[in-house]
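The residues making up each chain are set out below.
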Amino acid sequence: MKATFNQLTEFLLRQQDFWRFEPFLQSLHFGYPSAWQQNMPQLIDWLTKLDLKHVEALQDDAKLHIAELSPFFPEIVELQHSLNSFVLPTEIAQQPQGAESRLLTGVPGRKMAQILAITQEIDRQSGVKGPWLEWCSGKGYLGRLLAYRYQAPVVSFEFQQALCNDGQAFADQQHLPMCFVQGDAFDANAKTLFESKAHVVALHACGDLHTVMLKHAVEHHCQAISFSPCCYHLIKSESYQPLSVTAQQSALLLSRNELRIPLQETVTGGERVRRHRQTEMVYRLGFQALGKDVLGFGDYETVPSIKKSLLDLGFTHFCRWACDEKGWTLPAAVDWCHYQSIGEQQFQLMEKLSAVQGAFRRLLEWWLVLDRMLFLDEHGYDVTVSEFCSRAITPRNFFIQGIKRS
Ligand SMILES: C[S@@+](CC[C@H](N)C(=O)[O-])C[C@H]1O[C@@H](n2cnc3c(N)ncnc32)[C@H](O)[C@@H]1O
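Residue indices begin from 1 for each chain and proceed along its sequence in written order. This being a predicted model, a pLDDT of at least 70 is required before a residue's local features are given, and a value of 80 or more before pairs of side-chain atoms are given or counted; all residues contribute to the totals for chains, interfaces and linings. For side-chain calculations, the full set of non-hydrogen atoms in the structure is used, while hydrogens and water are omitted.

A. A look at the domain arrangement of the protein. Per the annotation, domain bounds derive from an automatic or database assignment of domains. Looking at the assigned domains, one finds that the protein contains domain 1 (2-77 + 266-359) and domain 2 (87-263 + 363-404). Residue contacts are defined here by distance: any two heavy atoms, one from each residue, within 4.5 Å place the two residues in contact. Listed per partner, the contact involves 14 residues of domain 1 and 17 residues of domain 2. When two parts are put together, the accessible area they lose, computed with a 1.4 Å probe and summed over both, is reported as buried area. Both sides of the domain 1 and domain 2 interface together cover about 1,400 Å² of buried area, and 77% of this is carbon and sulfur. A pairing counts as a salt bridge when a side-chain nitrogen of Lys or Arg comes within 4 Å of a carboxyl oxygen of Asp or Glu. Counting every contact that joins domain 1 to domain 2 gives 1 salt bridge. Between E258 and R20 there is a salt bridge whose closest N-O contact spans 3.1 Å. Side-chain atoms alone can form a polar contact between residues adjacent in sequence; in general such a contact is a pair of N or O atoms within 3.5 Å, and within protein one must be able to donate a hydrogen while the other accepts it. Between the two partners, domain 1 and domain 2, sit 4 residue pairs in polar contact (both at pLDDT 80 or more).

Structure below.
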């Protein structure tokens, strides 16, 4: 694992010109980064011939994406192959039966699929099956299933009192051995919930919420730790603070913004969402070009988020709305078509830039996942990782389990 991590680190550092940038901001410069032009003119030739439909096909098909980019970055295939050898094969999760389906009544479809898949992953590992600590539990959907299936106590820890109340009421009604505790994960008192005999679980606890859980769990020698990481960028510090000694000693330093890269998948929600995004990006890019020419913008000016329904009113309306929001005054005559067309051209460029960065997305996520796995290994845990469900159900589908070595 350490050797693969180091190989991955070196690769990411060597190729950083191809993933360490913001496609939106780069596209405002009307061209590819100069390092690409110097070091990989053949990539630029390929991108120049690519049309938007083809870029969308790459966004929709991870295998095709890697296959088409691999002539330019052959190591990606080799690395992906080594990384895949760590992933435990998963089985399709069963539909809930009988009492379990009653416990999951009202749980949204994708969430239910995740919970069933995770329970299955936990089931086939040797970790203790309770008592459980469900970290950042929400209403405790996962905890319900664990409490019922293993008839073992669950402490569900959650910040929002309303979610605790709902979860506790449901658990009491179903006679489940669950106890909700309201609190803040970053409060020193939260530590007291970690017991050495416990199995700690966390489904999609964002950024610092799951790293603080990991630190407390290893400090208290908890028997087992099972979690799916997400939102790596939701951290308090400006830059990523690696957990493992191996990652701390590596030369790869990630800013908070760069931690967003693994999450920047554009294909979620189908054709309508994709077209809305396209319209919004075209308008935003076109507005930056307009602002540069007539409002004295520098490299980039921020524009607030907009209600999606307002996009239907067209580019001119978007620009006027942005100016009202920010207190800018537009001249009486503006060549709207010209700036919208710039937005359209820059959008194409942005998508091509993203297609290149996208080939590194999963590898960056792997780097973060391996850091967590190495951290557990360094603290005396046997570690496994699986992709607990398809990326259509959730793109954050890594599931890491650590079982304390005896
Ligand atoms: C992405 S949700 C996941 C909820 C649940 N695990 C699930 O998958 O349904 C993250 C949860 O963390 C809770 N949370 C956020 N900040 C917290 C904090 N500082 N301490 C404890 N819980 C927190 C949120 O209220 C939310 O319920």
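B. Expanded view of the pattern of salt bridges. Going through the model one piece at a time under the given rule, you end up with 21 salt bridges. Close ionic contact of E56 with R275 constitutes a salt bridge, the shortest N to O distance being 3.0 Å. You can see E56 sitting in helix α5 (residues 52-60) and its partner R275 sitting in helix α14 (residues 270-295), a full 219 residues away along the chain. Judged by relative accessible area, which is 8%, E56 ranks as buried. With a relative accessible area of 30%, R275 lands in the partly exposed category. Here a strand is any run of E in DSSP of at least two residues, a helix any run of H or I of at least four, and the numbering for each starts at the N terminus. The rule is simple: take the accessible area with a 1.4 Å probe, protein chains only, and divide by the maximum for that residue type; under 20% is buried, over 50% is exposed, in between is partly exposed.

C. How the structure looks around empty space enclosed by the protein. Only protein atoms enter the 1 Å grid used here, on which a cavity is any set of points holding a 1.4 Å probe that cannot leave and a pocket is any open set flanked by protein within 12 Å on both sides along at least five of seven lines; residues with an atom within 4 Å of a point are listed as lining. Grid points are joined across faces, edges and corners, and a volume is the space filled by probe spheres set on the points. Per the counting criterion, the structure on display carries 1 cavity of 30 Å³ or more. Lining the largest cavity are 10 residues, and of these E56, Q59, R274, R277 and E351 sit closest to its centre. Of all elements in the fold, only α5, α14 and α17 (336-378) reach the threshold of two or more residues within the lining of the largest cavity. Element by element, the count of residues in the lining of the largest cavity is highest for α14, at 4 residues. In this classification, the charged set is Asp, Glu, Lys and Arg, the nonpolar set is Ala, Val, Leu, Ile, Met, Phe, Trp, Tyr, Cys and Pro, and all remaining amino acids, among them Gly, are polar. The residue inventory of the lining of the largest cavity, partitioned by class, reads 2 nonpolar, 3 polar and 5 charged.

D. Looking closely at α17. For a helix, the expected span equals 1.5 Å multiplied by the residue count minus one. Taking 1.5 Å as the rise per residue, α17 with 43 residues should run 63 Å; its terminal C-alpha atoms sit 59 Å apart, in good agreement. In the stretch just after α17, G380 is the one whose phi turns positive, near 85°.

E. Layout of the packing of helix α6 (residues 62-69) against α17. Here an angle of 0 to 180 degrees is reported between the N-to-C directions of two axes, which are lines fitted to C-alpha atoms, with helices fitted over the stretch in contact. α17 packs onto α6 with a crossing angle of 105° between their chain directions and a minimal axis gap of 10 Å. The angle between α6 and α17 falls in the class roughly perpendicular. Residue-level contacts link H65, I66 and L69 of α6 to A355, V356, G358 and A359 of α17. Across the contact of α6 with α17, the residue classes tally to 5 nonpolar, 2 polar and no charged. In this scheme, roughly parallel covers angles under 35 degrees and roughly antiparallel covers those over 145, while 65 to 115 is roughly perpendicular and the rest are oblique.

F. Structural detail: the UniProt feature "domain: Methyltransferase" (unreviewed entry) in the protein. UniProt positions are given in the numbering used here, feature names are shortened, and annotations may be inferred rather than shown by experiment. Residues given the UniProt feature "domain: Methyltransferase" (unreviewed entry) here are residues 126-237. Secondary structure across residues 126-237 divides into 32% helix and 26% strand, with the first and last C-alpha atoms of the span separated by 35 Å.

G. Fine view of the pairing of strand β2 (residues 132-135). With burial as the criterion, each face of β2 is covered, one bearing W132 and E134 and the other bearing L133 and W135. Paired strands, in this sense, are two strands between which DSSP finds at least two bridges. Of the strand pairs in this sheet, β2 and strand β3 (residues 154-158) are connected by 4 bridges, and their pairing is parallel. When the sheet's bridge partners are listed, W135 is paired in β3 with F157. What joins β2 to β3 is helix α10 (residues 141-150), and the crossover it makes is right-handed. As paired strands, β2 and strand β5 (residues 199-206) are joined by 3 bridges and run parallel to one another. Bridge pairing links E134 to V201 in β5. Place the viewer so that the strands point away; then a crossover is right-handed whenever the path from the first strand over the helix to the second strand goes clockwise.

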